[in-house]
Amino acid sequence: MNFLTEIREGFGISWAAIRANKMRSILTTLGIVIGIVTVTLMGTAIEGLNKSFMSSISSLGADVFFVDRHAWFNNNEADWRKSMRRRPFKLADANTVAAQLTLSSSVAPVAESGAKVEYQRRSSGRVQIVGTTDQYLPTSGVGISAGHFFSAAEAAGGRPVCVIGTTVASNLFGGDSPIGQRIKIGPQSFEVLGVLERQGSFMGVFNLDNRAIIPIQQFMSTLWNNPDITIQVKAGKLAELDEAREELRHTMRKIRRLEPTDSDDFAINQQDQFVAMFQRVAGTIAAVGFFITGLSLFVGGIGIMNIMFVSVAERTREIGIRKAIGAKRRTILLQFLTEAGCICLLGGVIALAIAWPLTLVMQKFLPASMSLTVAGIALLVSLVTGVVSGFLPAWRAARMNPVDALRSE
């Protein structure tokens, strides 16, 4: 008898045993069902968060540097306080950077504030107002869905123009086109030149569509005459990313008039800092979550082991007969391993049937996502749990002496 024949025969005997003891099989799979449901929901939540985060973080651009007074993630409060005492960047600093860099394609100064935006009798509450130049489009990676972004001439000419996000456009104009209309930002009236493409939220917190972008000169004359500016720099080539970063660092040290022995009094932030931070946090959450959910699988596995020991004890005479007519130890071992695996695999299928609608409910609160990968891993975990839990009972059955087994009543 070859291996595949033994597997097929073991599967048939196992399935017959499961059907013969329906209630016991259902109660046995209950622990596995609970364990697999929790593992699956944890997996869908983590995968959904990963996709949501990577979708949000992609808006920063892998080849864009963000020069600021402080790093996005300081080691401690003392570092943050120290960075906040540094000299703020001026618009002239951004202009100097743009003139001196050779390995970067775009440089945009960015200043931000909040203000109420109004159109006739409608308002959009507190909107993020961004002051920048025409170079903001390539450094931020945003697109225009209607109209156009302001040009260098429009930005430098002092003309009050703006580009708005889809949330602002919807709140102020409903389904009407905002292009060419005049809205009020703070005390100043601005002409709407374009509408940004929908971007959604950043990490589920900041609504990137609830903003208006105006020329930085208008920002300084209307909202904040001495803003704290961030400088966005887009590298010319991804292959020269490290060289572009080093050139930017040397240029900033010259602009800041730092001595060779002085440490940097600025930070060059990149997308990968967010990714590294998220991976650390997500890894910790996943480890704790899977440990907790793994406990329920462990309990379910102990239940499978106990039931399989009972099954072996009940079928001792059957085992003796099979061994007496020539069944090998391997055949008996495979029979009971297959039975334990089938019970757990059945529990895994039931668990997925329960987890699917629960995932749809979770999607209303979290960016959960059940992929084929998660479902496959859940079934694999259930199968492995069954094989591991059933090994000791199966090994005991395989090592039985046929004479002693036949004497059993």
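Preceding this section is the structure that the text describes.
Note that the coordinates shown come from a computational prediction; the quantities given were computed from them, not determined experimentally. (Residues numbered from 1 in each chain as written. Predicted model: local features only at pLDDT ≥ 70, side-chain atom pairs only at ≥ 80, totals over all residues. Heavy atoms only, no water.)

(A) Inspection of the packing of helix α4 (residues 91–100) against helix α9 (residues 241–255) at higher detail. Their axes nearest at 10 Å, the elements α4 and α9 cross at an angle of 135°. When the axes of α4 and α9 are compared, the pair comes out oblique. Here α4 runs over α9; the crossing is right-handed. Residue-level inspection shows D93, T96, V97 and Q100 of α4 in contact with α9, the latter providing E247, L248, T251, M252, K254 and I255. Taken together, the residues of the contact of α4 with α9 sort by class into four nonpolar, three polar and three charged. (Axes fitted to C-alpha atoms, helices over the stretch in contact; angles between N-to-C directions. Helix = DSSP H or I, 4+ residues; strand = E, 2+ residues; numbered from the N terminus. Parallel < 35°, antiparallel > 145°, perpendicular 65-115°, else oblique. Left-handed = near helix turned anticlockwise from the far one by under 90°. Contact = heavy atoms within 4.5 Å. Nonpolar A, V, L, I, M, F, W, Y, C, P; charged D, E, K, R; others polar.)

(B) Structural context of helix α13 (residues 372–398). Helix length check: α13 (27 residues) gives 36 Å between terminal C-alpha atoms against 39 Å at 1.5 Å per residue, within 8%. Within α13, the axis deviates most sharply at F391, by approximately 45°, and proline P393 lies no more than four positions further along. All of the buried residues along α13 are V374, A375, A378, S382, T385, G386, S389, G390, P393, A394, A397 and A398. (Expected span 1.5 Å × (residues − 1). Bend = angle between axes of the 7 residues up to and from the residue. Buried < 20%, exposed > 50% of the residue type's maximum accessible area, 1.4 Å probe, protein only.)

(C) Structural view of a nonpolar patch on the surface. Residues V288, F291, I292 and L295 make up a contiguous nonpolar surface patch of about 410 Å² in total accessible area. Tracing the backbone through its elements, the reader meets F291 in helix α10 (residues 271–314). (Patch = residues over 30% accessible without salt bridge, like charges linked within 9 Å, V, L, I, M, F, W, Y side chains within 5 Å. Areas by Shrake-Rupley, 256 points an atom, 1.4 Å probe, with all protein chains shown as cover. Salt bridge = Lys/Arg side-chain N within 4 Å of Asp/Glu carboxyl O.)

(D) Inspection of the nonpolar core at higher detail. By size, the foremost hydrophobic cluster in this structure holds 41 residues, and its most contacted members are V97, I129, I164, I183, I185, I231 and L248. When neighbours within four sequence positions are excluded, I129 is seen to be in contact with A111, E112, S113, G114, A115, V117, I185, A212, I214, F219 and L223. Core analysis: the second largest hydrophobic core is formed by 32 residues, L297, M308, A375 and M400 among them. (Core = buried A, V, L, I, M, F, W, Y, C linked by side-chain atoms within 4.5 Å.)

(E) Region of interest: unusual backbone geometry. Of note in the backbone geometry, Q120 takes a positive phi value of approximately 50° without being a glycine. In this structure, Q120 sits in the loop between β2 (104–119) and β3 (122–132). Positive phi is not limited to glycine here, since R257 has a value of about 55°. On the secondary structure map, R257 appears in the loop between α9 and β12 (267–269). When its relative accessible area of 74% is taken as the criterion, R257 is described as exposed.

(F) Structural detail: the pairing of strand β5 (residues 161–164). The side-chain alternation of β5 yields two buried faces, one formed by V161 and V163 and the other by C162 and I164. Bridge count between β5 and strand β7 (residues 188–196): four bridges; the pairing is parallel. Its bridge partner being in β7, V161 is matched across the sheet by E191. In terms of strand pairing, β5 meets strand β10 (residues 211–215) through two bridges, oriented antiparallel. Paired with I164 across the strands is A212, a residue of β10. (Pairing = 2+ DSSP bridges.)

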